[in-house]
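Okay, here's what each chain looks like letter by letter:
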Amino acid sequence: MRKKIVAGNWKMNLCFEEAEELVEELIDLLEDVELKSEVIICPPFPYLEMASDYAQEGFFKIGAQNISPFEAGAYTGEVSASMLDSMEVSHCIIGHSERRKYFNEDDKMLTAKVNQALEHNIIPIFCVGESLPERESEKHFEVVRRQVRHGLFHLDTDEFAKVILAYEPVWAIGTGITATPAQAAEMHAYIRSLISERYGEEVSKATMILYGGSCTSKNAAELFAQPGVDGGLVGGASLKAEEFVEICKLA
Ligand code: PGA
């Protein structure tokens, strides 16, 4: 069985002291539990070095929330994949709906980001998911199919095998409305069928697909118990150490 993953997406929250406190609290709590899951925390860029120092203790891995589509050079404000790699950052969220929406990240840019990440040893956590109007008009499968195909299906099998996917229905992110376990299971199965068509059943079975969107300690057990749900990408609830560790325990 695949080992589940719980990743915390801190988004643009916390000042430095609060971030360090959260990391210390997480370590205190994680020290006392025997987890079956792998834990990844994704703090904002300026806190990555601090977090990656603490990650040496082995309780969690570090992910970035964004990555440049470019290799290096005159791209003011950007952070490259090789910089992240040099700071022991092992994962990066790519294609989050907030970046697609507020920063106009389109399929072409996301493809370039995925390529940069893989070239520099960073595992993409590639997010897909439909908006509420898209689900209401029953376009959710079509939308997710497009996002998965355009963002990832240019990769060869070995490259694709490194990628983690996250299904995050946009209407569930930060809203307190979680997808039902059945809705999550249905979409995860659909994504897996797309992967199977493109890369074969073995790769499809081995691919990690996380669920994200208002995941909490109250609903995580049921969501993670669904076939094909390999853990969670957790936003708001990852900012509270106890709550986040509870979720990790349920995975
Ligand atoms: P949420 O965010 O858990 O606060 O809904 C999830 C995400 O955006 O990754």
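Residues numbered from 1 in each chain as written. Predicted model: local features only at pLDDT ≥ 70, side-chain atom pairs only at ≥ 80, totals over all residues. Heavy atoms only, no water.

A. Region of the structure containing the side chain of Arg-192. In this structure, Arg-192 sits in helix H9 (residues 181-199). Within the structure, Arg-192 has its side chain in polar contact with the backbone oxygen of Ser-204 (distance 2.9 Å). Excluding residues that lie within four positions of it along the chain, Arg-192 makes contacts with Arg-2, Ser-204, Lys-205, Thr-207, Ile-209, Gly-228 and Asp-230. (Helix = DSSP H or I, 4+ residues; strand = E, 2+ residues; numbered from the N terminus. Polar contact = N/O pair within 3.5 Å; in protein donor to acceptor, adjacent residues only side chain to side chain. Contact = heavy atoms within 4.5 Å.)

B. Region of interest: the site of the ligand. Among the 13 residues in the neighbourhood of the ligand, the closest are listed as Lys-11, His-96, Glu-168, Gly-174 and Ser-214. Note that an oxygen atom of the ligand is positioned 2.6 Å from one of the side-chain N or O atoms of His-96. If the ligand stood free it would expose 290 Å²; the protein chains cover 94% of that surface. Looking at the shell around the ligand, its residues break down into 4 nonpolar, 7 polar and 2 charged. (Near = heavy atom within 4 Å. Areas by Shrake-Rupley, 256 points an atom, 1.4 Å probe, with all protein chains shown as cover. Nonpolar A, V, L, I, M, F, W, Y, C, P; charged D, E, K, R; others polar.)

C. Here's a closer look at the pairing of strand E7 (residues 208-212). Of all 5 residues making up E7, 5 are buried, and the element is well covered by its neighbours. Neither face of E7 is exposed, since Met-208, Leu-210 and Gly-212 on one face and Ile-209 and Tyr-211 on the opposite face are all buried. The pairing of strand E6 (residues 164-167) with E7 spans 4 bridges and is classified as parallel. In the sheet register, Tyr-167 faces E7, and the bridge partner there is Tyr-211. (Buried < 20%, exposed > 50% of the residue type's maximum accessible area, 1.4 Å probe, protein only. Pairing = 2+ DSSP bridges.)

D. Inspection of the nonpolar core at higher detail. Core analysis: the biggest nonpolar cluster contains 68 residues, and Leu-26, Phe-60 and Ile-191 have the highest contact counts within it. Sort the elements by how many residues they give to this core and H9 lands first, with 7 residues. Residues contacting Leu-26, with those up to four places away along its chain left out, are Trp-10, Ile-41, Phe-60, Ala-241, Phe-244 and Val-245. With 12 residues, the next largest nonpolar core counts Ala-7, Ile-125, Cys-127 and Met-208 among its residues. (Core = buried A, V, L, I, M, F, W, Y, C linked by side-chain atoms within 4.5 Å.)

E. Spotlight on the pairing of strand E1 (residues 5-9). In terms of burial, E1 is a largely internal element, 5 of the 5 residues being buried. Side chains of E1 alternate between two faces, with Ile-5, Ala-7 and Asn-9 and Val-6 and Gly-8 buried alike. Pairing geometry for E1 and strand E2 (residues 38-42), over 5 bridges, is parallel. Its bridge partner being in E2, Val-6 is matched across the sheet by Val-39. Taken together, E1, helix H1 (residues 16-31) and E2 constitute a β-α-β crossover, and its handedness is right-handed. (Right-handed = clockwise from strand over helix to strand, strands pointing away.)

F. The pattern of salt bridges, seen in detail. Overall, the coordinates contain 11 salt bridges when judged by the stated rule. For Glu-105, the salt bridge goes to Arg-99, with nearest N and O atoms at 2.7 Å. Classification of Glu-105 as buried rests on a relative accessible area of 6%. The closest approach of N and O atoms between Lys-113 and Glu-105, which form a salt bridge, is 2.8 Å. In this structure, Lys-113 and Glu-105 share a single accessibility class: buried. Residues joined by salt bridges that share partners form a network here, namely Arg-99, Glu-105 and Lys-113. (Salt bridge = Lys/Arg side-chain N within 4 Å of Asp/Glu carboxyl O.)

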